Amino acid sequence: MSTPILSVEDLRVTYGRVEAVRGVSFTAEQGSLVTLVGANGAGKSSVINAVSGLLRPAGGRITFEGRDITRTPAHKLVGRGLVQVPEGRQILATLTIEENLRMGAWHTGAGAQRSIDAVYDRFPVLAERRALPAGSLSGGEQQMLAIARALVAAPTVMLMDEPSMGLAPKIVDEVFRVIAEIRASGTTVVLVEQNARRALRAADHGYVLQSGEIVHSGPAAGLLADERIVQAYLGVE
Ligand code: ATP
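Residues numbered from 1 in each chain as written. Predicted model: local features only at pLDDT ≥ 70, side-chain atom pairs only at ≥ 80, totals over all residues. Heavy atoms only, no water.

Q: Got a minute to help me understand the nonpolar core in this structure?
A: As a rule of thumb, nonpolar side chains are buried together in soluble globular proteins. With 48 residues, the main nonpolar core has L101, F123 and I147 as its most contacted residues. In terms of residue count, the dominant contributor to this core is helix α6 (residues 139–151) (7 residues). Leave out the neighbours within four places in its chain, and F123 touches M144, I147, A148, L151 and V178. Among the nonpolar cores identified, the runner-up in size contains 28 residues, and L6, L11, L36 and A42 belong to it. (Core = buried A, V, L, I, M, F, W, Y, C linked by side-chain atoms within 4.5 Å. Buried < 20%, exposed > 50% of the residue type's maximum accessible area, 1.4 Å probe, protein only. Helix = DSSP H or I, 4+ residues; strand = E, 2+ residues; numbered from the N terminus. Contact = heavy atoms within 4.5 Å.)

Structure follows, in structure tokens:
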């Protein structure tokens, strides 16, 4: 097997005395889609925020493209191609769509407009409305903007935290279609989702997180086919 593009070993995250992540390990092969699923509070956001450099782990080691990034802050990682689409989208509602996209391209200098134009080709609805405040978009469109903003940074690894949260089923389909396209274009995707079935259907490999620990992992199709895992962790559809 080739060396994974991203590797997380024995990760620990604490908030004061709360041990939110207790020795989590996982890897992502280049070009694959890996998902971490689990209930509310399982520790999914804490894992992904530690990987993207938004919070400092209490222990463990994170390796990206063969280099230790355990304590590298998020703004440095974006420039290296490790980019997060945050939970709750974090769109700046009073800024225009174009201004939101420019924030995603702040580190690319002269090439920024080219990256933004490429993203407009992919999301025509954002192009049409580029001069409008981002707050005028629907929830689904704002999620697309959050994804588009990450794409202008030209990621090699995209970390996504609950991209389907709060969206109508039809829009969730659309979000998953875009995720599949991103992966098909060669970007490695690490997807954190409460919508476990949906995420596992899209993924190559899955990890089930419970109370800060990985309790099951394997090829996503295998996890979905295991009745005990489906009953215990994935809930009814
Ligand atoms: P959600 O789907 O709600 O985002 P999650 O699986 O992403 O859940 P985390 O948000 O990582 O889980 O939270 C894991 C645990 O850490 C929870 O028990 C949560 O209450 C706790 N926690 C998260 N953030 C903080 C914080 N800033 N301070 C204290 N405890 C926190």
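Q: Sorry if this is basic, but what is going on with the site of the ligand here?
A: In the vicinity of the ligand lie 13 residues, with N40, G41, K44, S45 and S46 positioned nearest. Note that an oxygen atom of the ligand is positioned 2.7 Å from one of the backbone N or O atoms of S45. Of the residues forming the shell around the ligand, the biggest block, 3 residues, is contributed by helix α1 (residues 44–51). (Near = heavy atom within 4 Å. Polar contact = N/O pair within 3.5 Å; in protein donor to acceptor, adjacent residues only side chain to side chain.)

Q: Would you mind showing me how to read the sheet that holds strand β1 (residues 6–15) here?
A: The strands that make up a sheet pair up through hydrogen bonds in the backbone, lying either parallel or antiparallel. Ordered in space as β2-β1-β4-β5, the 4 strands form an open sheet in which the pairing is antiparallel. In the strand order of this sheet, the two ends are held by β2 (18–28) and β5 (67–68), each with one partner. Of the strand pairs in this sheet, β1 and β2 are connected by 8 bridges, and their pairing is antiparallel. When the sheet's bridge partners are listed, L6 is paired in β2 with A28. (Pairing = 2+ DSSP bridges.)

Q: Even after reading the chapter, I still don't get the pattern of salt bridges, so can you show me in this structure?
A: Side-chain pairing between opposite charges can occur once the charged atoms of the two side chains come close. Counted by the stated rule, this structure contains 12 salt bridges. Close ionic contact of K44 with E162 constitutes a salt bridge, the shortest N to O distance being 3.7 Å. With a gap of 118 residues between them, K44 in helix α1 and E162 in the loop between β7 (157–161) and α7 (169–184) connect regions that are remote in the sequence. For the pair shown, K44 and E162 are each scored as buried. The network of salt bridges with shared partners includes R122, E174, R177 and E181. (Salt bridge = Lys/Arg side-chain N within 4 Å of Asp/Glu carboxyl O.)

Q: Is there a simple way to think about the packing of aromatic side chains in this case?
A: By convention here, two paired aromatic rings are described through the distance between centres and the angle between planes. Applying the stated criterion across every chain yields a total of 1 aromatic pair. Aromatic pair F26 and Y207: ring centres 5.7 Å apart, planes at 55 degrees, arrangement tilted. In this pair, F26 sits in strand β2 while Y207 sits in strand β9 (residues 205–210), placing the two residues 181 residues apart along the sequence. Here F26 falls in the buried class, since its relative accessible area comes to 2%. By relative accessible area, which is 8% here, Y207 ends up buried. (Phe/Tyr/Trp six-rings, centres within 6.5 Å; stacked < 30°, edge-to-face > 60°.)

Q: Please explain the packing of helix α3 (residues 97–104) against helix α4 (residues 112–122) as it appears in this structure.
A: Between two packed helices, the angle of one axis relative to the other and the distance separating the axes together describe the packing. Where α3 meets α4, the axes come as close as 10 Å, and the angle between the chain directions of the two elements is 125 degrees. Between α3 and α4, the angle falls in the class oblique. Where α3 crosses over α4, the handedness of that crossing is right-handed. Between α3 and α4, the residues in contact are E98, L101 and R102 and Q113, I116, V119 and Y120, respectively. Broken down by class, the residue content of the contact of α3 with α4 amounts to 4 nonpolar, 1 polar and 2 charged. (Axes fitted to C-alpha atoms, helices over the stretch in contact; angles between N-to-C directions. Parallel < 35°, antiparallel > 145°, perpendicular 65-115°, else oblique. Left-handed = near helix turned anticlockwise from the far one by under 90°. Nonpolar A, V, L, I, M, F, W, Y, C, P; charged D, E, K, R; others polar.)

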